[in-house]
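Single-letter residue listing:
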Amino acid sequence: MGIKEYCFKKSLWVFHIAASPCNNCDIEILDCLTPRYDIERFGMLLTGSIKHADVLLVTGMVNKKAKKRVKELYDQVPKPCVVVAVGTCPSSGILFKESYNFAGPLDKVIPVDVYIPGCPPKPEAIIAGIVKFLNKK
Amino acid sequence: MIKTIIHFLVFPGFLFLSVAGGFVSWFDRKITARVHFRKGPPLLQPFYDFIKLLAKETLIPKNSSPGLFLLAPVISFTATILAGILIILPAFGIESGFQGDLIVIIYLLMIPAISLIFGALASGNPLSSLGASREIKLLISYELPFLLTLLALVIRTDMSIKIQEIISEQKLFGPFIGSFSGALGFIVMMMCVQAKLALVPFDLAEAETEIVAGAYTEYSGTPLALFKITRYMLFFIMPSFVVILFLGGFDFKGWNIILSIGKVLLIALLITLVRNTNPRVKIKAAMKFFLVWMNLFAILSVILAVLKY
Ligand code: SF4
């Protein structure tokens, strides 16, 4: 493992895309920033600008309107980047999959690196998912 | 010639400034985390951030003017190193050898803000230009009290505009902060430093929660890394500047080394605590704060300095 990858893993800046979630997953993501879970221990920060992002956290079933935006945002991220699908929604669509404006699970829109199932997943599960992915590569 | 290059690149130039600055900005993040009852990042975090940004792709926005957009971080980086050298050399007792380096430092310290404004305006992003406009207004308001406090110090040192003489004056008669004019000036200076470092309550130019990342919005990869390292270096340079001007400078004999490092960390701690206990102000309130109150304090400090208090 080169120094580049090592530093990349140690300093992940997270950009949060809400692709029409029910808002529950987003709250769990915010929980990760609280003193109890504190993901800054691993050097992770929440950024506001897509140009600074290393990780795209996507929540929610991707609907027809969000699809275009998610694609656009993916094109704007400076590579290398990691895409994480938080919740069961972006992985399969669960109870929304029969819905009239469901535009396919996330991996039909952009390539996904990590799936974190759960409705919503616990903050521990989100952290564990990302850490597992980082240890794998 | 060789000596100049070493001064620029190794000590007290790029290498020393960035390592020290990285440490101080880690200190700032750690204290912030402790204030929030969090654990905070590891010691090498600033280093990881910098290397990661260097390794990332650099995107140039379609509507930008690429030349200025890419030049701005380089200019601010270089100017910061030069300012750092001029401030740190006399602090270590090495003769930098020209009269009036205080004036040059004032100009060099202004350049990071100005190049940030240029870069933001060149990027063609509406949020960036909003950030730039705020930075301009902030620059206009904090520059005057900053200059007035320096004027008070210059009056105290018999009209000398050389950093080394300001230090030796304090070595003879005790640090300036011990007098009325010095204490007032110190308060004003701390507020100006807060604004120069673009920290809460004066981080209007990059207010993450309202205008994404403000002036930095369109930057990615290497240019962003240069801006980051400029920020790190400034985080070391500004506290040491305050230490030199008000707290009697550095001393490197025996145990005094710890005292000198402690002084810089104390100033950094003050800055961090102010940033963690205050909300962001609106631009109008910030301008009023500097143009009315801080100017008043600074003028008072000048008058006291003339009266030799
Ligand atoms: S996975 Fe569940 S909690 Fe998360 S957005 Fe979907 S429905 Fe809501």
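Basis of the calculations
- Residues numbered from 1 in each chain as written.
- Chains lettered and ligands numbered in written order.
- Predicted model: local features only at pLDDT ≥ 70, side-chain atom pairs only at ≥ 80, totals over all residues.
- Heavy atoms only, no water.
- Helix = DSSP H or I, 4+ residues; strand = E, 2+ residues; numbered from the N terminus.
- Contact = heavy atoms within 4.5 Å.
- Expected span 1.5 Å × (residues − 1).
- 1 Å grid on protein atoms, 1.4 Å probe; cavity = no way out; pocket = protein on both sides within 12 Å on 5 of 7 lines; lining within 4 Å.
- Points joined across faces, edges and corners; volume = space filled by probe spheres on them.
- Nonpolar A, V, L, I, M, F, W, Y, C, P; charged D, E, K, R; others polar.
- Axes fitted to C-alpha atoms, helices over the stretch in contact; angles between N-to-C directions.
- Core = buried A, V, L, I, M, F, W, Y, C linked by side-chain atoms within 4.5 Å.
- Buried < 20%, exposed > 50% of the residue type's maximum accessible area, 1.4 Å probe, protein only.
- Near = heavy atom within 4 Å.
- Pairing = 2+ DSSP bridges.
- Salt bridge = Lys/Arg side-chain N within 4 Å of Asp/Glu carboxyl O.

Q: What is the right way to look at the environment of Asp38 of chain A in this model?
A: Summarising the element assignment, Asp38 of chain A is placed in the loop between helix H2 (24–32) and strand S2 (45–46). With 89 residues separating them along the chain, Asp38 of chain A and Ile127 of chain A place their C-alpha atoms 9.9 Å apart. Those residues in contact with Asp38 of chain A, other than ones at most four positions away along the chain, are Cys32 and Leu33 of chain A together with Arg38, Lys39 and Gly40 of chain B.

Q: What should I look at first to understand helix H8 (residues 180–196) of chain B in this one?
A: An α-helical segment advances 3.6 residues per turn. Residues three or four places apart therefore align on the same side. Between its terminal C-alpha atoms H8 of chain B stretches 24 Å, which fits the 24 Å expected from 17 residues at 1.5 Å a residue. One or two steps after H8 of chain B, the chain reaches Ala198 of chain B, where phi turns positive at roughly 55 degrees.

Q: Looking at this structure, how should I read empty space enclosed by the protein?
A: The gaps left among the atoms become clear once a water-sized probe is rolled over them. Tallied over the entire structure, the rule returns 2 cavities of 30 Å³ or more. Space inside the largest cavity adds up to approximately 200 Å³. Lining the largest cavity are 17 residues; nearest its centre among them are Pro112, Ala113, Lys196, Arg231 and Leu234 of chain B. For the lining of the largest cavity, the secondary structure elements donating two or more residues are helix H5 (101–122), helix H6 (126–156), H8 and helix H10 (221–246) of chain B. Considering each element in turn, the lining of the largest cavity owes the most residues, 5 residues, to H10 of chain B. Its residues assigned to classes, the lining of the largest cavity shows 12 nonpolar, 2 polar and 3 charged. Each pocket or cavity is described by its volume, and for the second largest cavity that value is around 100 Å³. Every element with two or more residues in the lining of the second largest cavity is listed here: H2 and helix H5 (123–136) of chain A.

Q: Any chance you could explain the packing of H6 of chain B against H10 of chain B here in plain terms?
A: When two helices pack together, their arrangement is given by the angle between the helix axes and the distance between those axes. All names here are of chain B. Where H6 contacts H10, the two axes come as close as 11 Å, and the packing angle between them is 35 degrees. Here H6 contributes Phe146, Leu150 and Leu153 to the contact with H10, which in turn contributes Phe241, Leu245 and Phe246. Looking at the contact of H6 with H10 residue by residue, the classes come out as 6 nonpolar, no polar and no charged.

Q: What am I meant to see in the nonpolar core here?
A: One recurring pattern in soluble globular proteins is that nonpolar side chains are buried together. In terms of nonpolar packing, the biggest core is built from 98 residues, with Leu109, Met189 and Phe241 of chain B touching the most fellow members. With sequence-adjacent residues up to four places away left out, Phe241 of chain B is seen in contact with Ile87, Leu102, Ile105, Leu109, Phe146, Leu150, Ile163 and Met189 of chain B. Counting residues in hydrophobic clusters, the runner-up holds 20 residues, among them Val14, Met44, Val55 and Phe133 of chain A.

Q: Would you mind showing me how to read the site of the ligand here?
A: Residue and element names in this part refer to chain A. Lining the immediate environment of the ligand, one finds Pro21, Cys22, Asn24, Cys25, Gly87, Thr88, Cys89, Phe96, Gly118, Cys119 and Pro120. Breaking the shell around the ligand down by element, the ones donating at least two residues are H2 and helix H4 (88–92). Across the shell around the ligand, the residue classes tally to 7 nonpolar, 4 polar and no charged.

Q: I would appreciate a short explanation of the sheet that holds S2 of chain A in the present structure.
A: By way of backbone hydrogen bonds, the strands of a sheet pair with one another, either parallel or antiparallel. Residue and element names in this part refer to chain A. With parallel pairing, 5 strands are arranged side by side in an open sheet as S2-S1-S3-S4-S5. If you trace the sheet from one side to the other, it starts and ends with S2 and strand S5 (114–116), each paired once. Bridging between strand S3 (residues 55–59) and strand S4 (residues 82–86) involves 5 bridges; their strand directions are parallel. What sits directly across from Val55, in S4, is Val82. Contacts from H5 reach S4 and S5 within the one sheet, and its direction differs from that of S5 by about 160 degrees.

Q: Sorry, what's going on with H5 of chain A here?
A: Taking 1.5 Å of rise per residue, 14 residues should cover 20 Å, and H5 of chain A covers 20 Å from first to last C-alpha, within 8% of that figure. Buried-residue contacts for H5 of chain A involve helix H1 (3–10), H2, S4 and S5 of chain A.

Q: Just checking my understanding: could you explain the pattern of salt bridges for this structure?
A: Enumeration according to the criterion identifies 10 salt bridges over all chains in this entry. Arg38 of chain B serves as the salt-bridge partner of Glu40 of chain A, at 2.5 Å between the closest nitrogen and oxygen. Here Glu40 of chain A is found in the loop between H2 and S2, whereas its partner Arg38 of chain B is found in the loop between helix H2 (14–35) and helix H3 (45–55) on a different chain. Considered together, Glu40 of chain A and Arg38 of chain B belong to a single accessibility category, that of buried residues. A salt bridge links Asp203 of chain B to Arg280 of chain B; the nearest nitrogen and oxygen atoms lie 2.8 Å apart. Of this pair, Asp203 of chain B sits in the loop between H8 and helix H9 (208–211) while Arg280 of chain B is found in the loop between helix H11 (256–276) and helix H12 (283–306), placing the two residues 77 residues apart along the sequence. Salt bridges here are not isolated pairs; linked through shared partners, they connect Asp38 and Glu40 of chain A together with Arg29, Arg38 and Asp49 of chain B.

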